Every structure is written in C-alpha cells, then in structure tokens.
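Listed below are the residues making up each chain.
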Amino acid sequence: MPTTTPRRWRSGTEPATARSDLKLRYLLSLTFTPLFALATAGFAVWAALSPAYGAPGRGTLTGFAVACGLLTLFAAVDLVVVIRRRRTEL
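Below you will find a few notes about this structure. Once a new chain begins, its residue numbering starts again from 1 and follows that chain's sequence as written. In view of the model being predicted, local features appear only for residues whose pLDDT reaches at least 70, and side-chain atom pairs are presented and counted only at 80 or more, with totals across whole chains, interfaces and linings using the full set of residues. Here the side-chain values reflect all heavy atoms present in the structure, with hydrogen atoms and water set aside.

1. Description of the overall build of the protein
Phase 1: Helix and strand labels come from DSSP, where a helix needs a run of H or I of at least four residues and a strand needs a run of E of at least two; each type is numbered from the N terminus. The helix and strand inventory of the protein stands at two helices and zero strands.
Phase 2: Residues classed as buried in the protein amount to 14% of the 90 residues present.
Phase 3: By definition, residues are in contact when any of their heavy atoms lie within 4.5 Å. Across the protein, contacts joining residues at least 24 apart in sequence account for 70% of those joining residues at least 6 apart.
Phase 4: Per-residue and other accessible areas were derived by the Shrake-Rupley procedure at a 1.4 Å probe size, with only the shown protein chains allowed to occlude residues. Carbon together with sulfur atoms contributes 68% to the accessible area of the protein, which is approximately 7300 Å² in total. Summary of the burial criterion: residues with accessible area below 20% of their type's maximum are buried, those above 50% are exposed, and those between are partly exposed, where the area comes from a 1.4 Å probe applied to protein chains only.

In structure tokens form, the structure reads like this:
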C-alpha cells in the first residue's frame, strides 16, 4: 500500500487552511503607502537642500530616502495584491 507524503512539511501549529486578514492588510497598506511616499519625498528634498558637511549628512538622508522608497514600493505592491484577492475571495 503506497503512502502519500505531503509536498511540503508543515513545521508550525497553524491550521492547514490559514488565511491572512485582508481587511487589516488593506487598511495598513492604504495608510502606509502615502505615508512612506511623503517620507521619501521629504528625505529626498532634505538631502538635496542640506549642506555638504551638515549633520545628518547627505548620504544618510539619501539612504533614508531610498529605504522609504523601497517601503513605498512594498506597501503599494501589497495594496494591489490585497485588492485583487479581495475581488476574487469576498
């Protein structure tokens, strides 16, 4: 008698039909996408207007702008994914 093994072993105690809370993800993505976009613009403008040897330095401010830009991108992609999943599942 052949035994079947699952394709992927579950290591946690989560249920087999676990689902994410789409309403919460939608609310968080909707809140943080524009917030991170404003922070990106703010850090970019601050970096452009800061003196060469000021504190914080231009490199630090540029790094913050890039980090906020990546977070904006991540939140926007998550927002699109959540909207698509809500259309099909709810």
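2. Things to note about the packing of aromatic side chains
Phase 1: Think of it this way: a Phe, Tyr or Trp ring, Trp meaning its six-membered ring, pairs with another when their centres are within 6.5 Å, and the plane angle makes it stacked under 30 degrees, edge-to-face over 60, tilted otherwise. The final tally for this structure, using the stated rule, is three aromatic pairs.
Phase 2: By the ring-pair criterion, three or more aromatic residues cluster together here, those being Phe43, Trp46 and Phe64.
Phase 3: The side chain of arginine 86 reaches across the aromatic face of tyrosine 26, ending 5.0 Å from its centre. Counting as a charge over the ring demands two things of the Lys NZ or Arg CZ atom: a distance within 6 Å of the ring centre and an angle within 35 degrees of the ring normal.

3. Let's talk about a nonpolar patch on the surface
Phase 1: A cluster of nonpolar side chains, Leu24, Leu27, Leu28, Phe32 and Leu35, forms an exposed patch at the surface whose accessible area comes to about 440 Å².
Phase 2: Checked against the element boundaries, leucine 27 lands in helix α1 (residues 22–49). For patch building, the residue pool is restricted to those with more than 30% relative accessible area and no salt bridge; the joining distance is 9 Å between like charges and 5 Å between nonpolar side chains (Val, Leu, Ile, Met, Phe, Trp, Tyr). Counted as salt bridges are all cases of a side-chain nitrogen of Lys or Arg within 4 Å of a carboxyl oxygen of Asp or Glu.

4. Regarding helix α2 (residues 58–89)
Phase 1: By this rule, a helix spans an expected 1.5 Å times one less than how many residues it contains. When the terminal C-alpha atoms of α2 are compared, their 46 Å separation across 32 residues agrees well with the 46 Å that a helix rising 1.5 Å per residue should span.
Phase 2: Every buried residue belonging to α2 is among Leu61, Ala65, Cys68, Thr72, Ala75, Asp78, Leu79 and Val82, and all of these are buried.

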